[in-house]
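Given next are the chains, with one letter for each unit.
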Amino acid sequence: MAPSHVLKCCQKVLAWVPVAFIALVVAWSYYAYVVELCVFTISSTAEKVVYLVVFHLSFVMFVWSYWKTIFTSPASPSNEALLKLLSIQLMDVETSADNSQFCLSKADKEQYEKEERPESQQEILRRAAKDLPIYTTTASRAIRYCDRCQLIKPDRCHHCSACDICVLKMDHHCPWVNNCVGFSNYKFFLLFLMYSLLYCLFVAATVLQYFIKFWTLCRRKAAESCPKNELPHTHAKFHVLFLFFVAAMFFISILSLFSYHCWLVGKNRSTIETFRAPTFRNGPDKNGFSLGCSKNLREVFGDEKKYWLLPIFTSLGDGCNFPTRLVIMDPEQLTVSSQSEPAKSSGGSQSFPTRPLSESQNRLLASDSQWVESGPEEENVKSGSLHRNTSVDSMVLFVVGFSIVF
């Protein structure tokens, strides 16, 4: 027991190494840009002021979104985790959310544990899930149940082995933030990628001219032929050189990751769903949750555009039930959804439905019925391990490592 506990502690400590690495790189880039470049290298006062104002604006937004991505707890179907999330995001709003409905009753749990036949266990799960907002199953048409967390998984919810919890609308576990990216912090993660991209682009663009001057200066053989008052400090030359290389390499690597997630938002998919399509009653469909690009964007960033660029939680829904493009194919869902009122976003008091998604009050679903695309786009499901969802992050690690070595 003791060695196992020590091992877990070591794993938790090591998990913060990538975050510490990023923090050190960011701290060094701040020193190199503000002190070595703006204070010691740039002679024009006007240029200094403009560079410092824009730099600090991008720096604050980058650090703010990175902080929110790291320290926002993943939303889980467990009632305690959701209440913790809502207490952080909605300090003065009472919530009536009851995620305990996804947990089996004590009698059902005892009966489930006693049963040895999978068919009997599934019958218990079907009986418990008949009134839940669940529209997806496993590939074998079984109810998605987590034996580790002992709860029925809501749609788009997956168990994270690193965090050891089920995460609502899980996208992937990111080692660079040491956290699961899911419903509660996916907007923060996107803003983190965007602001880090702008930060690296601005640094690389403004450092470029001084980098070129230093590079040409280094290639001069005769010291007498070197221009005067050009990058006079040795330390400044070193920092300017590596600042450009690091900013450029980070920009290239983050660009691919950010572009990929922008594509995912437009399709309303998670990274997991890209590799393993969710299975509906009509079969697997990667586009099953897609409402059209505009509504997909609103589902992540919310209705109020003034908050889109701020790391403030504004995503629509509750993370447990989602409108689906297959609603028109389901007469029961269409009939009831046409009578529902527009829902409030997670910024307001919101309760979970006691019936399936057809009775959920969701503004994306109730606003109109024109968003459904003409005909389902059926795609083949590619088999793959859940760990493939961090493949893009691994590429980022390789490129960053290469840049540092270079």
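Definitions and limits used
- Residues numbered from 1 in each chain as written.
- Predicted model: local features only at pLDDT ≥ 70, side-chain atom pairs only at ≥ 80, totals over all residues.
- Heavy atoms only, no water.
- Helix = DSSP H or I, 4+ residues; strand = E, 2+ residues; numbered from the N terminus.
- Buried < 20%, exposed > 50% of the residue type's maximum accessible area, 1.4 Å probe, protein only.
- Contact = heavy atoms within 4.5 Å.
- Areas by Shrake-Rupley, 256 points an atom, 1.4 Å probe, with all protein chains shown as cover.
- Core = buried A, V, L, I, M, F, W, Y, C linked by side-chain atoms within 4.5 Å.
- Lys, Arg positive; Asp, Glu negative; His and termini not counted.
- Salt bridge = Lys/Arg side-chain N within 4 Å of Asp/Glu carboxyl O.
- Polar contact = N/O pair within 3.5 Å; in protein donor to acceptor, adjacent residues only side chain to side chain.
- Patch = residues over 30% accessible without salt bridge, like charges linked within 9 Å, V, L, I, M, F, W, Y side chains within 5 Å.

A short note on the overall build of the protein
Okay, step 1: Along its length, the protein carries 13 helices and 8 strands.
Okay, step 2: Taken over 406 residues, the protein has a buried fraction of 48%.
Okay, step 3: Within the protein, counting contacts between residues at least 6 apart in sequence, those at least 24 apart form 66% of the total.
Okay, step 4: Accessible surface, the protein: about 20600 Å² in total, of which carbon and sulfur atoms supply 62%.

Comments concerning the nonpolar core
Okay, step 1: Ranked by internal contacts, the top residues of the largest apolar core, which has 53 residues, are Tyr33, Phe55, Tyr186, Phe189, Val203 and Val207.
Okay, step 2: Mapped by element, the contributors of at least two residues to this core are α2 (17–39), α3 (45–71), α7 (186–218), α8 (234–267) and α10 (293–301).
Okay, step 3: Top element by residues in this core is α7. It accounts for 17 residues.

Digging into the side chain of Asp171
Okay, step 1: Within the secondary structure, Asp171 sits in the loop between β4 (165–167) and β5 (172–174).
Okay, step 2: An unpaired buried charge is present at Asp171: no salt bridge exists, and Arg156, the closest side chain of opposite charge, is 7.7 Å distant.
Okay, step 3: Side chain to side chain, Asp171 and His172 meet in a polar contact 2.5 Å long.
Okay, step 4: A polar contact is formed between the side chain of Asp171 and the side chain of Thr271, at a distance of 2.7 Å.

Structural notes on the pattern of salt bridges
Okay, step 1: The tally for this structure, following the rule as stated, stands at 8 salt bridges.
Okay, step 2: One salt bridge connects Glu123 with Arg126, and the closest N-O pair in it is separated by 3.9 Å. Of the two residues, Glu123 and Arg126 both sit in helix α6 (residues 118–129), 3 residues apart, roughly one turn of that helix.
Okay, step 3: Here Arg126 falls in the partly exposed class, since its relative accessible area comes to 40%.
Okay, step 4: Close ionic contact of Lys169 with Glu299 constitutes a salt bridge, the shortest N to O distance being 3.9 Å. Taken together, the residues span a long stretch of sequence, with Lys169 in the loop between β4 and β5 and Glu299 in helix α10 at a distance of 130 residues.

Some words on a nonpolar patch on the surface
Okay, step 1: A contiguous nonpolar patch, built from Val49, Val50, Val53 and Val54 and spanning about 330 Å² of accessible area, is present on the exposed surface.
Okay, step 2: Secondary-structure assignment places Val54 in helix α3.
Okay, step 3: Exposure remark for Val54: the relative accessible area of 37% places this residue in the partly exposed category.

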